[in-house]
Amino acid sequence: MPARPPLTAIGLMSGTSLDGVDAALIQTDGTRILRHGPALTVPYTPELRARLRHILDAAPQLAPSEPALLSAEHDLTEVHAIAVQQLRQMAPDMPADIIGFHGQTILHQPGHTWQIGNAIALSSATDLPVIHDFRTADVQAGGEGAPLAPLYHAALLHDQPRPVAILNIGGVANLTLLTSEGEILACDTGPGNALLDDWTFRHTGIPYDKDGQLARSGKVAAPILQQLLAHPFFSKAAPKSLDRLSFHTALQDIAALSPADGAATLVSFTAETIAHTPLPEQPKAWFVCGGGRHNPAIMKALAQRLSGRVFPAETLGWNGDALEAECFGFLAVRSLYGLPLSLPSTTGVPAPQQGGRLSCGGITPWKARAVLNTKVQYNIA
């Protein structure tokens, strides 16, 4: 098999925590990670975040042509374009070939996944080809469409003693396990930061529990915690995935608690669901990325409940805030080269599944091919 030329990709991720756009540069051939570039975050304004949250709540009833939806899509695409512009200015020595654009998930359910973001507009604004729509092919083939980070996690962990896991705590939490036999296993585990963020904002007006102060000042309501853990999702076999709002009724279950006790109970809920995830073997080490690792209450709970040692991603020299953005740069290159983005053991898809679509905006197909310098055949959208 001929060698695949490495490409430099900008990965973009706006997660279900709705805090903004993460952007990161990565150089890869779709299998190896050859260079990590800089990364940054462009926050959503409070006004845009509120609009997106309203859209998440209303998504099951929304039509794709809904004016409020199209307006929010336009504005969040502009934020992504700003992130690309700022990142390119930070790294003039790493000119980008391609953008991996995840978009903003507004709904994720079995058999249906929906991300918004205008890839053609982003391509036109940046003069770069854009890979997007990463999840649809997996869902249409019978997979869960999530999580999609495991193949990138496996590339990151290639030289680590196994069994080993990466745990990502965003709005939803998910894990990737590399077994001692070399298998890649993955699933969503349960709530990440989303419930705690919503609870904290409701009671303090602050969008997240900074430094875990609220949760650390409270006590876990054990009977309510056991009630939350009885949700049928936790008895479902992996692979499995979640929507940000899958456990939103938990906020009603803890409504009578004090703000501090509610936060402590939600932190314990996140840790317990991770600890209860059925795995064929327990990792010797857990490397934690995503916003949850910034919360000392969550990290302490994980250290108490997980059998392996728990480390922030930075222990291995990674930027734990950038891994998901880097992932979609990595997956963009895999998409170009026709490599699978998901496996039966990561999303439940029947066979390794390719995915992603290429949009070029105002860029002509021949220019896209010249920029990418590869013989891959594309479907230009």
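Definitions and cut-offs
- What you see as residue numbers is a count from 1 along each chain, following the sequence as written.
- Only residues with pLDDT of at least 70 get local features here, since the model is predicted, and only at 80 or more are side-chain atom pairs given and counted; chain-wide, interface and lining totals rely on the full set of residues.
- For the side-chain quantities, the full set of heavy atoms in the structure was used; hydrogens and water were omitted.
- Residue types Ala, Val, Leu, Ile, Met, Phe, Trp, Tyr and Cys, when buried and joined through side-chain atoms within 4.5 Å, form a set referred to as a nonpolar core.
- The cut-offs for exposure are 20% and 50% of the maximum accessible area for each residue type, with area from a 1.4 Å probe on protein chains only; residues under the lower value are buried, those over the upper are exposed, and the others partly exposed.
- Strands are runs of DSSP state E lasting at least two residues, helices are runs of H or I lasting at least four, and both sets are numbered from the N terminus onward.
- Contacts were defined at the residue level, with two residues in contact if any of their heavy atoms lie within 4.5 Å.
- Whether two aromatic rings pair depends on their centres lying within 6.5 Å, for rings of Phe, Tyr and Trp, where Trp uses its six-membered ring; planes under 30 degrees apart make the pair stacked, over 60 edge-to-face, and the rest tilted.
- Criterion for a charge above a ring: Arg CZ or Lys NZ at most 6 Å from the ring centre, at most 35 degrees from the ring normal.
- For helices, the fitted line uses only the C-alpha atoms of the stretch in contact; every axis is such a line through C-alpha atoms, and the angle between N-to-C directions lies from 0 to 180 degrees.
- Roughly parallel covers angles under 35 degrees, roughly antiparallel covers those over 145, roughly perpendicular covers 65 to 115, and oblique covers all other angles.
- Here a crossing is taken to be left-handed if its near helix is turned anticlockwise relative to the far helix by less than a right angle, and right-handed if that turn runs clockwise.
- For this scheme, ten residues count as nonpolar: Ala, Val, Leu, Ile, Met, Phe, Trp, Tyr, Cys and Pro. Four count as charged, namely Asp, Glu, Lys and Arg, and the remainder, Gly too, count as polar.
- Working rule for helices: expected span equals 1.5 Å times residues minus one.
- The term disulfide is used for any two cysteine sulfur atoms that are within 2.5 Å.
- The term salt bridge refers to a side-chain nitrogen of Lys or Arg lying within 4 Å of a carboxyl oxygen of Asp or Glu.

To continue, consider the nonpolar core. Residues Leu167, Ile169, Phe269, Ile274, Trp286 and Leu302 are the most contacted members of the largest nonpolar core, which totals 43 residues. Counting residues per element, this core draws most heavily on helix 10 (residues 259–275), which supplies 7 residues. Beyond its immediate chain neighbours, meaning those up to four positions away, Ile274 contacts Leu167, Ile169, Ala173, Thr189, Trp286, Leu302 and Leu306.

This brings us to the packing of aromatic side chains. Per the stated rule, a full pass over the model turns up 9 aromatic pairs. Ring geometry for Phe134 versus Phe328: centroids 5.1 Å apart, planes at 65 degrees, classification edge-to-face. Of this pair, Phe134 sits in the loop between strand 6 (130–132) and helix 4 (136–140) while Phe328 sits in helix 12 (residues 323–336), placing them 194 residues apart in sequence. Side by side, Phe134 and Phe328 carry an identical accessibility label, which is buried. Seen from the ring of Tyr337, Arg4 lies directly overhead, with NZ or CZ sitting 6.0 Å from the centre. Just above the ring of Phe233 sits the side chain of Lys240; from NZ or CZ to the centre is 4.4 Å.

It is the contact of helix 8 (residues 222–229) with helix 10, at a shortest axis distance of 10 Å, that shows an interaxial angle of 45 degrees. In this view, helix 8 runs oblique relative to helix 10, as classed from their interaxial angle. Between helix 8 and helix 10 lies a crossing whose hand is right-handed. Counted together, Leu225, Leu228 and Leu229 of helix 8 and Thr265, Ser268, Phe269, Glu272 and Thr273 of helix 10 form the full contact between these two elements. Tallied by class, residues from the contact of helix 8 with helix 10 come to 4 nonpolar, 3 polar and 1 charged.

All right, on to helix 10 then. Taking 1.5 Å per residue, 17 residues should reach 24 Å; helix 10 reaches 24 Å between its end C-alpha atoms and fits that length. For helix 10, the tally of buried residues reaches 14 of 17 residues, placing the bulk of the element in the interior.

Next up on the list: the environment of Ile98. Mapped onto the elements of the fold, Ile98 is located in strand 4 (residues 98–109). A residue is classified by how much of its surface remains accessible, and Ile98, at 0% relative accessible area, is buried. A sequence separation of 88 residues divides Ile98 from Ile10, and the C-alpha atoms of the two residues are 6.4 Å apart.

With that out of the way, let us pick up the packing of helix 6 (residues 194–204) against helix 10. In the contact formed by helix 6 and helix 10, the axes pass within 9 Å of each other and the chain directions differ by 175 degrees. Here helix 6 is positioned roughly antiparallel relative to helix 10, judged by the angle of their axes. Note on element contacts: helix 10 touches helix 6 through Pro259, Gly262, Ala263, Leu266, Val267 and Phe269, opposite Leu195, Leu196, Trp199 and His203. Residue composition of the contact of helix 6 with helix 10, by class: 8 nonpolar, 2 polar and no charged.

Enumeration according to the criterion identifies 0 disulfides in this entry. Take Cys327: it sits in no disulfide, and the sulfur closest to it among the cysteines is that of Cys289, at 9.6 Å. Cys327 gets classed as buried once you look at its relative accessible area, which sits at 0%.

Now for the side chain of Asn168. By secondary structure assignment, the location of Asn168 is in strand 7 (residues 164–169). Asn168 has contacts with Ala173, Asn174, Cys289, Gly290 and Glu324, leaving out every residue within four places of it along the chain.

Let us look at the pattern of salt bridges. Tallied over the full model, the rule gives 11 salt bridges. Between Arg32 and Asp29 there is a salt bridge, and its shortest N-O distance comes to 2.7 Å. Take Arg32: its relative accessible area is 47%, and that puts it in the partly exposed class. Among the ionic pairs, Asp93 bridges to Arg35, the shortest N-O distance being 2.7 Å. One end of the pair, Asp93, is in the loop between helix 2 (67–90) and strand 4; the other, Arg35, is in strand 3 (residues 33–43), with 58 residues separating them in the sequence. Residues joined by salt bridges that share partners form a network here, namely Glu47, Arg51 and Asp75.

This part is about unusual backbone geometry. A cis amide bond, omega -10 degrees, links Ala146 with the succeeding residue Pro147. Tracing the chain through its elements places Pro147 in the loop between helix 4 and helix 5 (150–156). Omega for the peptide link from Arg162 to Pro163 comes to 0 degrees, which places this bond in the cis form. The residue Pro163 is located in the loop between helix 5 and strand 7 in this model. Unusually for a residue other than glycine, Asp133 sits at a positive phi of about 55 degrees. Tracing the backbone shows Asp133 in the loop between strand 6 and helix 4. Taking the relative accessible area as the measure of exposure, Asp133 reaches 22% and is therefore partly exposed.

By themselves, these are just geometric observations and shouldn't be taken as functional.
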